[in-house]
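Close look at the chain arrangement
Listed below, chain by chain, are the residues.
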Amino acid sequence: MINSQPIYRVLNQNIRKIFIEVSIVDSKGISLGVLKGYTLDGMVTLSSDNSYRRSGHLVMVLTSAWDVKKLFWFNTKARLRIGMKDFLTDEIFWFSLGEFAVKNMSISREMSGNTVELQLLDNMAFLDGSLGGIITNEIRFEAKNNIPIHEAVKTILSSVGITKTSVEPIMVNNEVKNIPYNLEFPEGTVISEILKSLINLYQGYEGFFDVDGIFVLRRIRDRKNDISLYKFGKDGSKLSMGNIQNFDFGKVKNSIVINGYKDNYGVQVTYRCRNRYSRNDMVSLSLISDAIKGDICYVVFENKSYIYNGTTWDLLNFNVTPVFNIENIGIKPLVIEDGNVFNLEQAKTMAEFYIFTNSNLGEEVNITTVPVYGLDVNNKITTDELGDC
């Protein structure tokens, strides 16, 4: 947790003096110059649900002397930092708001000074057709070549000059997965769609650009064991001005059916996964007699979940929430039709992913706070009223 009292003190100041730095770098990360000044208007939006993790709009009056037009080009990027002055010590605390592609720019020259307005997008803009990323030749991956999915992702990124990556292998049952069938992408396809198709071959992974402009491919996981970065509390760290909790009872699904590709003979790839049981111990688990393939049981004393493979119980790599299982609340079904699921392993990982993401009430907490510039999506925080969020 960030427990620096000076940071909390600065964030809670009634009067704020804000400084802005925009470092301009080329496609290789080489610095071209730094714009300094103060803001007239602007905002940065963060989202974990959008392909753009961050986007923004900035209007700043320059206090540094640069020919702004010479700094920006099609492949230049803007690294945005915001500084807050501590009136007690005169120290300036700097927070990184991210690396951005510049979608458009305007310059206003007046007697009072030069003003620059920037429309900022996530680096994904270089891959989704906004500022590039449209392929001019067909791309084809053949299953017989046994290409690991994560290596295909790195190859695609490298082809457009993106080498700053943190890419995890896509794994199922501790096995690195290759591209399972032939994939073809015609001329005119945007690279972001190719990446999405590769990453979604097996559910449970996400790809995005982080605050430093690094493309990240990683498994989606819960945040229970993460360190809480900020405390929205009463002991000198009171950043919150109130909160609202929302619950969606319709979100809970404990029975997932995946209906995949159907061949010309009517044979369809199908898999069912159910959050069905809760038992105290492994002995009680072994006594279950009516389980079918895909049924899940949470074992209380183990604090682990197991899935029935038709013969034995296998350990899951995540926990279901027992209060939402079929024994407690009845069947809450979700049926997904997806013709791009071509094999049983894909169907199984997809079903398990939807069980994982839907074994909850979709609880949302809307917290009204002072601006906290160091906070990012998927960061864990702590509040006095709600605990960890």
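Per the stated rule, a full pass over the model turns up eight aromatic pairs. Summarising the aromatic geometry, the rings of W73 and F74 are spaced 4.8 Å apart at their centres and angled 75° between planes, so their arrangement reads as edge-to-face. Taking relative accessible area as the criterion, W73 reaches 61% and is therefore assigned exposed. Of the residues examined, F74 reaches a relative accessible area of 60% and is grouped as exposed. Members of the aromatic cluster, joined through ring pairs, are Y181, Y261 and F342. The ring centre of F208 lies 3.8 Å from the NZ or CZ of R53, which sits over that ring.

Now for the layout of surface pockets. Taken as a whole, the second largest pocket holds about 870 Å³ of empty space. Looking at the second largest pocket, it is lined by 32 residues, and the ones nearest its centre are R219, L316, N317, F318 and E352. When residues of the lining of the second largest pocket are assigned to their parent elements, the largest contribution, six residues, is made by helix α7 (residues 344-358). Broken down by class, the residue content of the lining of the second largest pocket amounts to 12 nonpolar, nine polar and 11 charged.

It is worth spelling out the nonpolar core at this point. Formed by 33 residues in total, the largest nonpolar core has its most connected members in L198 and F215. Leaving out residues up to four positions away in the same chain, L198 has contacts with F141, I149, A152, V153, I156, I170, I179 and L183. The next biggest cluster of nonpolar side chains, apart from the first, holds 31 residues, and it includes V10, L97, L118 and V372.

Read from one edge to the other, the open sheet built from six strands follows the order β20-β19-β18-β17-β16-β21, with strand pairing classed as mixed. Each having just a single partner strand, β20 (313-315) and β21 (333-337) make up the two edges of the open sheet. On average, each strand axis in the sheet is inclined to that of its neighbour by 25°, with strand direction left out of account. Alignment of strand β16 (residues 255-262) against β21, held across five bridges, turns out to be parallel. The residue of β21 that forms the bridge with I256 is L334. Sheet strands in contact with α7 are β16, β17 (268-279), β18 (295-299), β19 (304-308) and β21, and its direction is about 40° off that of β17.

What follows is about the packing of helix α3 (residues 149-159) against helix α4 (residues 191-199). At a minimum axis separation of 10 Å, α3 and α4 run at an interaxial angle of 170°. As judged from the angle between their axes, α3 and α4 are roughly antiparallel. Taken together, the residues of α4 that come into contact with α3 (itself represented by I149, A152, V153, I156 and L157) are I191, I194, L195, L198 and I199. Split into classes, the residues belonging to the contact of α3 with α4 amount to 10 nonpolar, no polar and no charged.

Bringing the sheet that holds strand β13 (residues 215-219) into the picture now. The strand order across the open sheet formed by three strands is β8-β13-β12, and the pairing between neighbours is mixed. Two strands close off the open sheet at either side, each with one partner strand: β8 (165-167) and β12 (205-209). Averaged over all pairs of adjacent strands, the angle between strand axes in this sheet comes to 15°, irrespective of strand direction.

This next bit is on the side chain of E352. Note on placement: E352 falls in helix α7. Using a relative accessible area of 10% as the deciding quantity, one classes E352 as buried. A polar contact of 2.5 Å, which involves the side chain of E352, links it to the side chain of K348. When neighbours within four sequence positions are excluded, E352 is seen to be in contact with C273, I307, L316 and F318.

Definitions and limits used
Residues numbered from 1 in each chain as written. Predicted model: local features only at pLDDT ≥ 70, side-chain atom pairs only at ≥ 80, totals over all residues. Heavy atoms only, no water. Phe/Tyr/Trp six-rings, centres within 6.5 Å; stacked < 30°, edge-to-face > 60°. Buried < 20%, exposed > 50% of the residue type's maximum accessible area, 1.4 Å probe, protein only. Lys NZ or Arg CZ within 6 Å of the ring centre and 35° of its normal. 1 Å grid on protein atoms, 1.4 Å probe; cavity = no way out; pocket = protein on both sides within 12 Å on 5 of 7 lines; lining within 4 Å. Points joined across faces, edges and corners; volume = space filled by probe spheres on them. Helix = DSSP H or I, 4+ residues; strand = E, 2+ residues; numbered from the N terminus. Nonpolar A, V, L, I, M, F, W, Y, C, P; charged D, E, K, R; others polar. Core = buried A, V, L, I, M, F, W, Y, C linked by side-chain atoms within 4.5 Å. Contact = heavy atoms within 4.5 Å. Pairing = 2+ DSSP bridges. Axes fitted to C-alpha atoms, helices over the stretch in contact; angles between N-to-C directions. Parallel < 35°, antiparallel > 145°, perpendicular 65-115°, else oblique. Polar contact = N/O pair within 3.5 Å; in protein donor to acceptor, adjacent residues only side chain to side chain.

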